[in-house]
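Structural features, examined
Next come the chains, spelled out residue by residue.
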Amino acid sequence: MRIVFMGSPDFSVPALRALAAAHQVVAVYCQPPRPAHRGQKETPCPVHRAALELGIPVRTPARVRKDVAEHEAFAALDADVAVVAAYGLILPRAMLDAPKRGCLNIHASLLPRWRGAAPIHAAVLAGDAEAGITIMRMEEGLDTGPMLLKEAIPLHPRITTPELHDALAAMGARLILRALAENPPEIPQPEEGVTYAAKLTKADGALHWSEPALALERRVRAMTPWPGAYFQAGDEQIRVHDAIAEPGTGAPGTLLAPDLVACGQGALRLLRLQRPGRAAMEASALLRGFSLPDRL
């Protein structure tokens with residue numbers, strides 16, 4: 001089968017490798033190289049690097065919605081299907097209709113729950129009991145297309161975004177191969193249960209002590225590694241890599257112990273912290289040489 005693959009981050013790489021092993025991937029579309037790391041050197045995204053390793057031609061248009069020449073180049077690939085996994089650009093109708101079997105999306109949620117840009121983070125942040133992958137045929141709406149396959153996994157209470165990310169990336173690679181082989185019937189998404197997972201910003205990592213401790217614990221687990229959970233301690237922004245909710249009573253933001261902060265409900269035990277410009281370490285070790293204010 002002639003396939004165009006469209007994706008950018010690490011999440012998409014297992015699917016690309018699986019498709020390249022089973023089919024003919026005639027081109028890969030991904031985000032353009034961007035400045036990264038301390039030297040701000042332009043760096044290809046993970047899918048770009050994987051495609052080069054596999055010897056697949058790569059295209060990196062910055063925009064596609066109104067670029068007629070790009071639409072024509074895409075159609076000229078004569079693909080049987082396009083597979084999209086966290087590509088990062090919205091596809092116009094001309095591109096959605098070009099492949100013979102349309103465009104299939106590997107979406108990291110149990111649609112219609114968590115449509116949008118950050119479904120994995122959203123599932124962890126909300127404390128969902130399960131998450132999963134939906135293979136859907138793309139339409140012009142935001143993750144509104146009919147579903148071909150769906151598979152769920154239970155989430156343990158301390159799951160982190162990286163753990164769930166890796167599990168769903170592997171699941172997505174397996175399910176897209178099934179969808180292409182079995183061509184299952186399409187099922188419209190139900191109108192009930194629609195939720196949205198907006199694109200994250202740095203502000204989403206802020207810990208507000210007025211919230212319940214369990215909600216803050218989930219935020220720490222959801223926002224690791226990016227944008228990262230943090231709080232302000234005097235002039236320093238302290239990064240929180242791990243924490244757990246515990247019983248405790250006090251005014252929100254009050255230290256009940258050197259590593260225990262009172263919250264709107266319960267308290268948050270700080271387990272792993274990082275000061276600006278320094279390495280992350282166990283909170284007990286960091287706090288031996290650095291004291292938090294009595295009130296955060």
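Attention here is on the structure that accompanies the text. Throughout this document, residue positions are counted from 1 along each chain, in the order its sequence is written. Given that this is a predicted model, residues contribute local features only at a pLDDT of at least 70 and side-chain atom pairs are listed and counted only at 80 or more, while totals for whole chains, interfaces and linings are drawn from all residues. Side-chain descriptors were evaluated using all non-hydrogen atoms of the structure, hydrogens and water having been removed beforehand.

**Here's the deal with helix H5 (residues 119-126)**
Residue burial is assigned from relative accessible area. The probe radius is 1.4 Å, only protein chains are included, and a residue is buried under 20% of its type maximum, exposed over 50%, and partly exposed in between. A run of DSSP states H or I qualifies as a helix once it reaches four residues; a run of E qualifies as a strand once it reaches two. Both are numbered from the N-terminal end. In terms of burial, H5 is a largely internal element, six of the eight residues being buried. Taken together, the buried positions of H5 are occupied by Pro119, Ile120, His121, Ala122, Ala123 and Val124. Contacts are assigned to residue pairs with any non-hydrogen atoms lying within 4.5 Å of each other. Of the surrounding secondary structure, the elements contacted by the buried residues of H5 are strand S7 (103-107), strand S8 (115-116), strand S9 (130-137), helix H6 (161-182), strand S11 (196-197) and helix H7 (213-222). Gly127 lies just past H5 and shows a positive phi near 70°.

**A few points about unusual backbone geometry**
The omega angle of the peptide bond from Thr224 to Pro225 is 5°, so this bond is cis rather than trans. In this structure, Pro225 sits in the loop between H7 and strand S12 (229-233). Geometrically, the link from Trp226 to Pro227 is a cis peptide bond, its omega value of 10° lying close to zero. When you line up the elements, Pro227 lands in the loop between H7 and S12.

**Regarding helix H1 (residues 13-22)**
Within H1, the full set of buried residues consists of Val13, Ala15, Leu16, Ala18 and Leu19. Structurally, H1 contributes buried residues whose contacts are with strand S1 (2-7), strand S2 (24-29), helix H2 (46-54), strand S6 (81-85), S7 and H6.

**Thoughts on the packing of aromatic side chains**
In this analysis, rings of Phe, Tyr and Trp, with Trp reduced to its six-membered ring, are considered paired at centre separations within 6.5 Å, and the interplanar angle assigns stacked below 30 degrees, edge-to-face beyond 60, and tilted for intermediate values. Tallying each qualifying case throughout the model produces two aromatic pairs. For the ring pair Tyr29 and Phe74, a centre distance of 5.6 Å and an interplane angle of 75° mean the geometry is edge-to-face. Pair noted here: Tyr29 is in strand S2 and Phe74 is in helix H3 (residues 68-76), with a separation of 45 residues, a long-range link. Here Tyr29 matches Phe74 in class, with each residue buried.

**Re the pairing of S1**
The buried fraction of S1 amounts to five of the six residues, a majority that puts the element mostly inside the structure. In this description, strands pair whenever DSSP reports at least two bridges between them. Summarising the sheet, S1 and S2 pair through five bridges and their orientation is parallel. Bridged to Ile3 within S2 is Val25. As paired elements, S1 and S6 share five bridges and run parallel to each other. Considered in S6, the bridge of Met6 is made with Val84.

**Some points on the nonpolar core**
Joining through side-chain atoms within 4.5 Å is the link that ties buried Ala, Val, Leu, Ile, Met, Phe, Trp, Tyr and Cys residues into a set, and such a set is a nonpolar core. Grouped together as the largest cluster of nonpolar side chains are 48 residues, with contacts concentrated most on Phe5, Leu16, Ile106, Ile133, Ile135 and Leu164. If we ignore the near neighbours within four places in the chain, the residues touching Ile135 are Asn105, Ile106, Pro146, Met147, Leu148, Leu149, Leu175, Ile176 and Ala179. Counting 22 residues, the second largest nonpolar core, distinct from the first, contains Leu207, Phe231, Val240 and Leu270.

**Some remarks on the sheet that holds S7**
Taken in spatial order, the seven strands make up an open sheet running S5-S2-S1-S6-S7-S9-S10, and their pairing is mixed. Single-partner strands in this sheet number two, and they are strand S5 (58-59) and strand S10 (147-154). Two elements, S2 and S5, share two bridges in a ladder whose sense is parallel. Each bridged residue has a counterpart across the sheet, and for Val28 the counterpart in S5 is Val58. Think of each axis as a best-fit line through the C-alpha atoms, taken over the contacting stretch in the case of a helix, with angles from 0 to 180 degrees between the N-to-C directions. Set on the sheet, H6 makes contact with S1, S6, S7, S9 and S10; between it and S10 the angle comes to about 150°.

Purely geometric numbers; function is a separate question.
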